[in-house]
Amino acid sequence: MNNEIDEGLRSELQKRGVWVTSTQELYNWGRKNSIWPLQFGLACCAIEMIATAASRYDLARFGGEVFRPSPRQADLMIVAGTVTKKMAPQIVRLYNQMPDPKYVISMGACAISGGPFKQGYNVLKGIDRYIPVDVYIPGCPPRPEALLHAFMELQRKITGQKLTGDDKAAHLDREQPSEFPVPAFGAHDLEPPSNPAVFRPPQLERT
Amino acid sequence: MQSLEEIKTRAEMEVPGAKVEIVPNPGPANQPSLLLDHQHARAVALFLRDDPALKLDHCSNVTGVDWPDRKVTKKVKVKKLVDGAEKEVEESQEEFFPGYLEAVYHLFSMTLRHGPVVIRLRTTDRAAGAHLPSLTPIWRSAEFQEREIFDLYGIKFDGHPDLRRILMWDEFEDFPMRKDYREPDDYEYEPTPHDDVLEKAKQHYPPRPQLDGAENLTAAQQQ
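Bear in mind the structure is a predicted one, so any value in this text is a computation, not a measurement.

Undergrad: An account of the nonpolar core is needed here, citing residue identities and associated values.
TA: The nonpolar side chains of soluble globular proteins are, as a tendency, buried together. If you look at the biggest cluster of nonpolar residues, it comprises 40 residues, and the most contacted ones within it are Leu48(B), Tyr105(B) and Ile119(B). Sorting the residues of this core by element identifies helix H1 (4-14), strand E2 (33-36), helix H2 (41-50), strand E3 (58-67), strand E6 (100-109), strand E7 (114-122) and helix H3 (142-153) of chain B as the ones contributing at least two each. Setting aside residues no more than four positions away along its own chain, Tyr105(B) makes contact with Cys59(B), Asn61(B), Val62(B), Val117(B), Val118(B), Ile119(B), Leu121(B), Pro133(B), Leu135(B), Ala142(B), Glu146(B) and Phe157(B). Formed by 22 residues, the second largest nonpolar core is a distinct cluster that contains Met49(A), Ile78(A), Leu147(A) and Phe151(A).

What follows is the structure in structure tokens.
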């Protein structure tokens, strides 16, 4: 099935009052304009997330204002703040309880890498050690504009997701996992300290 | 407020058998404190709280301190017989101080508006003897802070109503604020390592390929 429509033909038809689309486009357009985030915050980034959802920055302009208190009704997890090792299993469990398709925004330096607490004994060095992350936002904390930017990047990603074919979206692929193992509290650290199926750090070139 | 010496003598008068020691603080803060013995700690604390001249009714802060084992080498001049004649010879002597853990309480009076009075409790050692009498029955505000000290330093407070870990998970076995604690090694990915982090990250670097110069030769030279 070819989803591509000739852009020139489409705009020509639009001028004459005929609107042409495909199932994929319609489906993705609907999804990207009603991303419901999961309502939880971990640290100071959550304050910026609240500001983004409030009237001044107004996340509702992008269809993301419906913060859900239950993971069963949420599409998006905004990991806003420091993930302590004591909190990490609960985050992974919440992610597992979300229905597909689901997305993760890693907001701020702490959620990306541990941030200023990276070398601490009690802070996870990035939530991407346990769950896949779609958009990373740097900043400490990122401004509401940065979160809006991440939201738009996520919308762009959803727009580009294919429904069929070999490169179809991960949530439509039966081979792709939608749940990830919850780490256990160990005697010295979380066990395992990272999930190698998810966390593949780039090989750094040392000179 | 009365001076610390006065408080010490009055406490020892009031609580028979109590041994209170003044610990000087040579630092810029110059805030000496009272070291209480385990057996009478609660009675002395009760005296500090209820005495009409002191009324230290507010325990604002409880902290743990770790003092690890330390060795001090001293140079001592000793008279010795060298080749039949007595001479003064310098010898280095090693002195060993066993480590201990401390809980420090900062007390204020809300009614009389004075303070702080600092009191200390010391454990006998850093392992099996890391026990102290809990002062939570005297000052309720010490409850969570004593739990935190138990969590991070491993001091067991006898008589505490609910002694559990408060910050780390229950399965955790280490005491992270002790000076000999080493954090788990998760330095496999450090994009910008520096200082001691660099040293730890280097443990995870792949071994360098052994270079013998052959890789610089062109194909023609190799034949």
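Undergrad: Help me get a handle on the pairing of strand E2 (residues 103-107) of chain A, residues and values and all.
TA: All names here are of chain A. Where burial is concerned, most of E2 is hidden: five out of the five residues are buried. Here E2 shows a buried face lined by Tyr103, Ile105 and Met107 and a second buried face lined by Val104 and Ser106. Pairing geometry for strand E1 (residues 76-80) and E2, over five bridges, is parallel. Bridging from a neighbouring strand, Ala80 pairs with Met107 of E2. Note that the unit made of E1, helix H4 (residues 88-97) and E2 has a crossover that is right-handed. Between the parallel elements E2 and strand E3 (residues 135-137), the chain passes through helix H5 (residues 108-113) in a crossover that is right-handed.

Undergrad: I'd like a rundown of the sheet that holds E6(B), residues and numbers included.
TA: Pairing between the strands of a sheet is mediated by backbone hydrogen bonds and can be parallel or antiparallel. Residue and element names in this part refer to chain B. With respect to topology, five strands assemble into an open sheet ordered E1-E2-E7-E6-E3, the strand pairing being mixed. Every other strand in the sheet has two partners, leaving strand E1 (20-23) and E3 as the edge strands with one partner each. Each strand of the sheet is rotated relative to its neighbour by a mean of 30 degrees, with strand direction disregarded. Along the sheet, H3 contacts E3 and E6; its crossing angle with E3, the most-contacted strand, is approximately 10 degrees.

Conventions and cut-offs
- Residues numbered from 1 in each chain as written.
- Chains lettered and ligands numbered in written order.
- Predicted model: local features only at pLDDT ≥ 70, side-chain atom pairs only at ≥ 80, totals over all residues.
- Heavy atoms only, no water.
- Core = buried A, V, L, I, M, F, W, Y, C linked by side-chain atoms within 4.5 Å.
- Buried < 20%, exposed > 50% of the residue type's maximum accessible area, 1.4 Å probe, protein only.
- Helix = DSSP H or I, 4+ residues; strand = E, 2+ residues; numbered from the N terminus.
- Contact = heavy atoms within 4.5 Å.
- Pairing = 2+ DSSP bridges.
- Right-handed = clockwise from strand over helix to strand, strands pointing away.
- Axes fitted to C-alpha atoms, helices over the stretch in contact; angles between N-to-C directions.

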